[in-house]
Protein chains: 2
Amino acid sequence: MAAVTAQWELASSLFDQLRRDGLDEPGVSRDPYGAGEQRAHATVAAVARQLGLEIEGDAAVNLYMTLRGRDASAKRVIVGSHLDSVPHGGNFDGAAGVVAGLVAVAALRQSGTILDRDLTVMGIRAEESIWFQVSYIGSRSALGALPDGALDVCRIDTGRTLAEHVAECGGDPEALSNRARCLDPARIGAYLELHIEQAPSLVEAGRPVAICTGIPGNFRYPDVRIEGSHDHVGLPRRFRRDAAMAGAEFAMALDRLWEEYEAKAVPMACTIGRFHTDAAAHGLTIVPGAFHFSLDVRAYDEAVLAELDARVDAIIAGIEQRRGVYFHRGPKARAAVGAVDASIKADLERCADELRIPVLQLGSPASHDAAAFAAAGVPMGMIFVRNENGSHNPREAMAMDDFMAGAALLTQYLATSYASR
Amino acid sequence: MAAVTAQWELASSLFDQLRRDGLDEPGVSRDPYGAGEQRAHATVAAVARQLGLEIEGDAAVNLYMTLRGRDASAKRVIVGSHLDSVPHGGNFDGAAGVVAGLVAVAALRQSGTILDRDLTVMGIRAEESIWFQVSYIGSRSALGALPDGALDVCRIDTGRTLAEHVAECGGDPEALSNRARCLDPARIGAYLELHIEQAPSLVEAGRPVAICTGIPGNFRYPDVRIEGSHDHVGLPRRFRRDAAMAGAEFAMALDRLWEEYEAKAVPMACTIGRFHTDAAAHGLTIVPGAFHFSLDVRAYDEAVLAELDARVDAIIAGIEQRRGVYFHRGPKARAAVGAVDASIKADLERCADELRIPVLQLGSPASHDAAAFAAAGVPMGMIFVRNENGSHNPREAMAMDDFMAGAALLTQYLATSYASR
């Protein structure tokens, strides 16, 4: 009981310090490769040092805090998450995963558990893509998988490049551009990430913790343009080639498609985030001849994604024919499904049973660094912690009890799956 | 035959001169109370003088060209339309109605027909609302019905007020602000307007001319805002309060409503001209929490308009309940149905029979100065002439044969309905 109290206090005081470090009312801003993220890294590293962990960095200035295990030659296990946040975000999105890693280390120490291999808690840089419009900058840099051109991208607020920002924080952009990697996927036994849930499924289910069943893959059309005909408001229906009406029909068809998959209990999501007539041409008495939208379709199974892709094509073809419009689709992006390792998932389920923590099986609503590890071939698992009011806003609300349940599950997994025999 | 050829040449050369006067490639620009409209008025007045008509003006600088009839004390008949155009519009929208009036005068002269009353051909100012965002400026000024505040409105391109523009062209803004009227509705027996059709119904029907059955009334919501919740792209469907999806459902419901009325052969139209997510907040991976649209619903019968109004309310209520969103409707505008005078319409039908011109019965797709006369209590009728490619664009295309058929119908109506006995 004393041990649990000590871990609670460690977590609680670390969250408090991180909140003070990032305070930018409303909420916190931990800007990547900027002052906010730097303060968070310094705070976390200081606690890791107190816990006796070895501190290392890499060319992308990721933070590695390692607890040595029995066999330094065995594939190490990494527990990590990101330390940046969106502007005016909450305190837990990202940071909770790093704090959980440190709590697990403290718990292992407290119980005198020695692992059979090194355990590295990783504070990952620049996960929130809103800043540089590039996904997984820190984790993909560590794995030598930063995409071409990423270093030249400018942060939306500062207008300075990722390369400049990395260099400013003591990193090595040249090494990154040469794809020098710090982590060899073949030398990583497992990557674990704890994260707050960004949807209210756990709130709805009344459970504190979920075990991730997968991170969605997606296909995206960032900028579709429907071409119809701008016409006079008096034009009868049969003559119209109304681009906005075509957009509305497309949105409704996708909504019904999603309903259909929900009814079959096949998890997916589709989001039409931008959906608009042309501000330069639209007007109260003009039939819209141009319409623009973005589309993000995500699912947890490549076969489902392929099926949805074909359905979207068929929906577009039908609307084009019925309404005399044309969908200029523009570029298309794809991201592979981030598969959860079956044995890690089974181990986490076993541990939840052992600790009598009621868990939900949950497809990740969002993308996470864990997907970058999965893409590199590293066995991956995730734990979600109940959280109210969504994420990416100052109102996110994770109860410490729930966090401690998630951290206990992580600790149990490490202690039992990598126990030194 | 010689007479018809002379009228054809009058019309043809007048259209040519008007096109040269307004040339502003692509198309013509006859900017109201500006150089374009001024040139058109000068050209039309010169032809009217050659035809021996009496020329007058009023405080709004409308142009009155009068052929005296037998009895100056009888209620006069006015044949008119507007001489302005949209920027880079076509040559016929508006001007055709004035040219038709002059052609009718020439034809009456040629045949030696004396009317029982004065016939005034009216060149109306500033009908196209795109310039000052005010409807029917010239005709309502003439009738003493210019709305409050209109004189202070600025022309979108010049930034100068209507009052300044009117004064510049020799008008009297002070008289307009005092609602001094030039025309007493009680002293007008009929207002006739010939106009190109702005939709392709006549093209589709293969007929040259239509007799108007009414000018639509409307109700408008110029700026509706749907309030939902901005959320993370990973949020499952059941938790979403997607404002754009609510907008799409609304648009589709209106499209079905229109289909339903089409099936009942009740003419109406609805147009959602602006239809857009919030440019400051929308993004590829954000569920839209705000959506904006404009709505224009028009019909030819006040009872139908009232019915549609109630249906729109019911559609909104249903969507609000199903999707957890709220429609902030903002201001609502209404315009009364512009009823066509039954006896004028019957006379026009009789004349079409007499001339063996195959006519269509057609609700006006658009608004016209004739509606301002109807609103003032003047018996009103309209003739539409077949026109390809819509209006408000340089591609409008009216064949001279069709125009001459419309002008012949107008002439026959004047000669037979107001023949001096």
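Residues numbered from 1 in each chain as written. Chains lettered and ligands numbered in written order. Predicted model: local features only at pLDDT ≥ 70, side-chain atom pairs only at ≥ 80, totals over all residues. Heavy atoms only, no water.

Topic: the overall build of chain A
So, point 1. Scanning chain A from N- to C-terminus turns up 13 helices and 17 strands.
So, point 2. Computed over the C-alpha atoms, the radius of gyration of chain A is 23 Å, within 12% of the 22 Å expected from 2.2 N^0.38 for a compact globule of 421 residues.
So, point 3. For the C-alpha atoms alone, the extent of chain A along its principal axes is close to 80 × 45 × 40 Å.
So, point 4. Sorting the 421 residues of chain A into buried and exposed places 59% on the buried side.
So, point 5. The long-range fraction of contacts in chain A, counting pairs at least 24 apart against all pairs at least 6 apart in sequence, stands at 79%.
So, point 6. Carbon and sulfur atoms provide 50% of the accessible area of chain A, an area that totals close to 15600 Å².
So, point 7. Across chain A, the mean location of the 41 positive side-chain charges is 3 Å away from that of the 55 negative side-chain charges. (Helix = DSSP H or I, 4+ residues; strand = E, 2+ residues; numbered from the N terminus. Rg over C-alpha atoms; globule rule 2.2 N^0.38 Å. Buried < 20%, exposed > 50% of the residue type's maximum accessible area, 1.4 Å probe, protein only. Contact = heavy atoms within 4.5 Å. Areas by Shrake-Rupley, 256 points an atom, 1.4 Å probe, with all protein chains shown as cover. Lys, Arg positive; Asp, Glu negative; His and termini not counted. Charge placed at Lys NZ, Arg CZ, Asp CG, Glu CD.)

Quick look at the relation of the copies chain B and chain A
So, point 1. When chain B is fitted onto chain A, the two copies agree to an RMSD of 0.1 Å after a turn of 180 degrees and an axial shift of 0.1 Å. Taken together, these values place the two copies in the relation of a two-fold axis.
So, point 2. Mapped onto chain A, 100% of the interface residues of chain B again fall at the interface, so both copies present the same surface. (Least-squares fit on C-alpha atoms with pLDDT ≥ 70 in both.)

Details of the interface of chain B and chain A
By a frequent convention, interface size equals the accessible area lost on bringing the separate parts together.
So, point 1. Taken together, the contacts link 52 residues of chain B with 52 residues of chain A.
So, point 2. Surface buried jointly by chain B and chain A totals about 4400 Å² across both partners, of which 63% is contributed by carbon and sulfur atoms.
So, point 3. Its largest share of buried area at the contact with chain A, chain B owes to His232, Arg237 and Leu284 of chain B, together 17% of the area lost on that side.
So, point 4. Taken together, the links from chain B to chain A amount to ten salt bridges.
So, point 5. A salt bridge links Arg323 of chain A to Asp255 of chain B; the shortest N-O distance between them is 2.6 Å. (Buried area = accessible area lost by both parts, 1.4 Å probe. Salt bridge = Lys/Arg side-chain N within 4 Å of Asp/Glu carboxyl O.)

A few points about the pairing of strand β6 (residues 209-215) of chain B
In regular strands, side chains alternate between the two faces of the sheet.
Residue and element names in this part refer to chain B.
So, point 1. Where burial is concerned, most of β6 is hidden: six out of the seven residues are buried.
So, point 2. Here three bridges tie β6 to strand β17 (residues 380-385), and the two strands are oriented antiparallel to one another. Directly across from Val209, in β17, lies its bridge partner Val385.
So, point 3. Sheet topology note: the β6/strand β16 (residues 359-363) ladder contains five bridges and is parallel. (Pairing = 2+ DSSP bridges.)

Looking at the packing of aromatic side chains
So, point 1. What the rule picks out here adds up to 21 aromatic pairs over all chains.
So, point 2. Their ring planes at 80 degrees and their centres at 5.4 Å tell us that Tyr413 of chain A and Tyr418 of chain A sit as a pair that is edge-to-face. Of the two residues, Tyr413 of chain A and Tyr418 of chain A, neither departs from the other in class, the shared state being buried.
So, point 3. Judged by centre distance (5.8 Å) and plane angle (55 degrees), the rings of Phe250 of chain B and Phe327 of chain B are tilted. Pair noted here: Phe250 of chain B is in helix α9 (residues 243-263) and Phe327 of chain B is in strand β13 (residues 326-328), with a separation of 77 residues, a long-range link.
So, point 4. Cluster of aromatic residues (ring-pair linked, three or more members): Phe275 and Phe291 of chain A together with Phe275 and Phe291 of chain B.
So, point 5. One cation-aromatic arrangement involves Lys264 of chain A over Tyr261 of chain A; the distance from NZ or CZ to the ring centre is 3.9 Å.
So, point 6. Across from the ring centre of Phe219 of chain B, 5.4 Å away, lies the NZ or CZ of Lys332 of chain B, which sits over that ring. (Phe/Tyr/Trp six-rings, centres within 6.5 Å; stacked < 30°, edge-to-face > 60°. Lys NZ or Arg CZ within 6 Å of the ring centre and 35° of its normal.)

Overview of helix α13 (residues 400-417) of chain B
So, point 1. A rise of 1.5 Å per residue sets the reference length of α13 of chain B, with its 18 residues, at 26 Å; its end C-alpha atoms lie 25 Å apart and thus fit the reference within 8%.
So, point 2. The element α13 of chain B is extensively covered by neighbouring structure, given that 14 of its 18 residues are classed as buried. (Expected span 1.5 Å × (residues − 1).)

A short note on helix α11 (residues 342-355) of chain A
Residue and element names in this part refer to chain A.
So, point 1. Between its first and last C-alpha atoms α11 spans 20 Å; for 14 residues at 1.5 Å apiece the expected length is 20 Å, and the two agree.
So, point 2. Among all positions in α11, only Ile344, Leu348, Cys351 and Ala352 are buried. On an axial view of α11, the arc spanned by its buried residues comes to 100 degrees, and they lie on one face. Turned more than 90 degrees from where α11 packs its buried face, Ala342 and Asp353 sit exposed.
So, point 3. Buried positions along α11 lie against β5 (188-196), β6 (209-215), β16 (359-363), β17 (380-385) and α13 (400-417).
So, point 4. In the segment just after α11, Arg356 is the residue with positive phi, at about 55 degrees. (Arc of directions from axis to C-beta.)

As for the pattern of salt bridges
So, point 1. All told, the structure shown has 54 salt bridges over all chains when counted by the stated rule.
So, point 2. A salt bridge links Arg117 of chain A to Asp116 of chain A, with the shortest nitrogen-to-oxygen separation between them at 2.9 Å. Neither Arg117 of chain A nor Asp116 of chain A differs from the other in exposure class; each is buried.
So, point 3. Here Arg125 of chain B and Glu37 of chain B are joined by a salt bridge, their closest N and O atoms 2.6 Å apart. On the criterion of sequence distance, the pair formed by Arg125 of chain B in the loop between β4 (119-124) and α4 (129-132) and Glu37 of chain B in helix α2 (residues 35-50) is long-range, its members being 88 residues apart.
So, point 4. Among the charged side chains, a network of salt bridges with common partners joins Arg237, Glu249, Arg322 and Arg323 of chain A together with Asp255, Glu259 and Glu262 of chain B.

Describing the domain arrangement of chain A
So, point 1. You can read the domains of chain A as domain 1 (2-215 + 338-418) and domain 2 (218-335).
So, point 2. When each unit is reduced to the centre of its C-alpha atoms, the spacing between domain 1 of chain A and domain 2 of chain A is 36 Å. (Domains from an automatic or database assignment.)

A short note on the pairing of strand β5 (residues 188-196) of chain B
Residues and elements named next belong to chain B.
So, point 1. Most of β5 sits out of view: nine of its nine residues are buried.
So, point 2. Examined bridge by bridge, strand β3 (residues 76-82) and β5 share four bridges and lie parallel to one another. Along β5, the bridge assignment pairs Val77 with Ala190.
So, point 3. Examined bridge by bridge, β5 and β17 share six bridges and lie parallel to one another. Bridge assignment links Leu194 to a residue of β17, and that residue is Ile383.

Describing unusual backbone geometry
So, point 1. The omega torsion of the bond from Glu25 of chain A to Pro26 of chain A falls at -10 degrees, within 30 degrees of zero and hence cis.
So, point 2. For Pro26 of chain A, the location among the structural elements is in the loop between α1 (2-22) and α2 (35-50).
So, point 3. Even without a glycine there, the phi angle at Val61 of chain B is positive, about 60 degrees.
So, point 4. Residue position: Val61 of chain B is located in the loop between β1 (54-57) and β2 (63-67).
So, point 5. A residue is classified by how much of its surface remains accessible, and Val61 of chain B, at 16% relative accessible area, is buried.
So, point 6. Positive phi, close to 50 degrees, is recorded for His88 of chain B, a residue that is not glycine.
So, point 7. With respect to the secondary-structure elements, His88 of chain B resides in the loop between β3 and α3 (95-110).

Thoughts on the environment of Ala290 of chain A
So, point 1. For Ala290 of chain A, the position within the fold is in strand β12 (residues 290-299).
So, point 2. For Ala290 of chain A, a relative accessible area of 12% corresponds to the buried category.

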